Amino acid sequence: TIYKGNFDYPYELFVNDKYVYYVRGKFENPSSLIKIDLATKKSKIIKNYKFLISLLEVRGDHIYYTYGYENYFPKLSVLNLKTLKDTFIAEDVGDTQFGKDKIVYRNYRTDVSAKPLYIIGYDYKNPKLISKAVMDFTVVDGKIYFAESKLIKSSDGQYYGDINNSTVYVCNEDGSGKKALTGNINGHITKITANEIEFMSENQSKYYKMNLNTKKTVEFKPSNR
């Protein structure tokens, strides 16, 4: 049993052949990173934090997590399990995926909006901007697939991404070789894979799938609606 006691339930669990990792804590309070040995079923606190952390990934001897709350620009950090040293990676980090050579992340958002997409290496130096306005993205086999929204200038002179006008691109993990896979999609892109995208009409009344190889588009009804 993982969830037992006076704490918020674990939002993420990571399991390998030997251990379970999760966070025990309460919102806006100190938290603890826990490891369970699957052979003995014994739990151990790896490290205590003065704030609530959210696990993102466990890769070998490194655990990646974010901390921070709404309007506080969540920070991405990594814990080295051998040294128990934490290293700051980036701030204002929202959705994150871990590729072979790069970490790919979009800036944090509190609503459905297009945000900048970045990459950073596992040396945690020199983040690179991939796109100024991205609705969705995925990392597959060393490639980044992303929906880049058209930039529109607002009345106050600021630019924002039009979530109902996007083009799907692919590039290498280092940002090179950017290539368009579709023309402009007049709708809200909700899902991207290496072979297919899903999107809604602007009024969200119809749902479509497009095969990125054949460009064939079909209407469908989501099972959860």
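Residues numbered from 1 in each chain as written. Predicted model: local features only at pLDDT ≥ 70, side-chain atom pairs only at ≥ 80, totals over all residues. Heavy atoms only, no water.

A.B. asks: Which parts of the structure should I look at to understand the nonpolar core?
C.D. replies: By size, the foremost hydrophobic cluster in this structure holds 15 residues, and its most contacted members are Ile 189 and Ile 197. If you list the elements that add at least two residues to this core, you get strand 12 (128-140), strand 13 (143-153), strand 14 (159-172), strand 17 (188-192) and strand 18 (196-200). Discounting residues that sit within four places of it in the chain, Ile 197 has contacts with Val 168, Thr 182, Ile 185, Lys 191, Ile 192, Tyr 208, Lys 209, Met 210 and Leu 212. Counting residues in hydrophobic clusters, the runner-up holds 13 residues, among them Phe 14, Leu 33, Tyr 65 and Leu 81. (Core = buried A, V, L, I, M, F, W, Y, C linked by side-chain atoms within 4.5 Å. Buried < 20%, exposed > 50% of the residue type's maximum accessible area, 1.4 Å probe, protein only. Helix = DSSP H or I, 4+ residues; strand = E, 2+ residues; numbered from the N terminus. Contact = heavy atoms within 4.5 Å.)

A.B. asks: Can you walk me through the sheet that holds strand 17 in this structure?
C.D. replies: Backbone-to-backbone hydrogen bonds pair the strands of a sheet. The strands run either parallel or antiparallel. Within the open sheet, the four strands sit side by side as 17-18-19-20. Their pairing is antiparallel. Both outer strands of the open sheet, strand 17 and strand 20 (217-220), are each paired with one neighbouring strand and no more. For this sheet the average axis-to-axis angle between neighbouring strands, irrespective of direction, equals 30 degrees. Pairing of strand 18 with strand 19 (residues 207-211), which is carried by five bridges, proceeds in the antiparallel orientation. Paired with Glu 196 across the two strands is Asn 211, which belongs to strand 19. (Pairing = 2+ DSSP bridges. Axes fitted to C-alpha atoms, helices over the stretch in contact; angles between N-to-C directions.)

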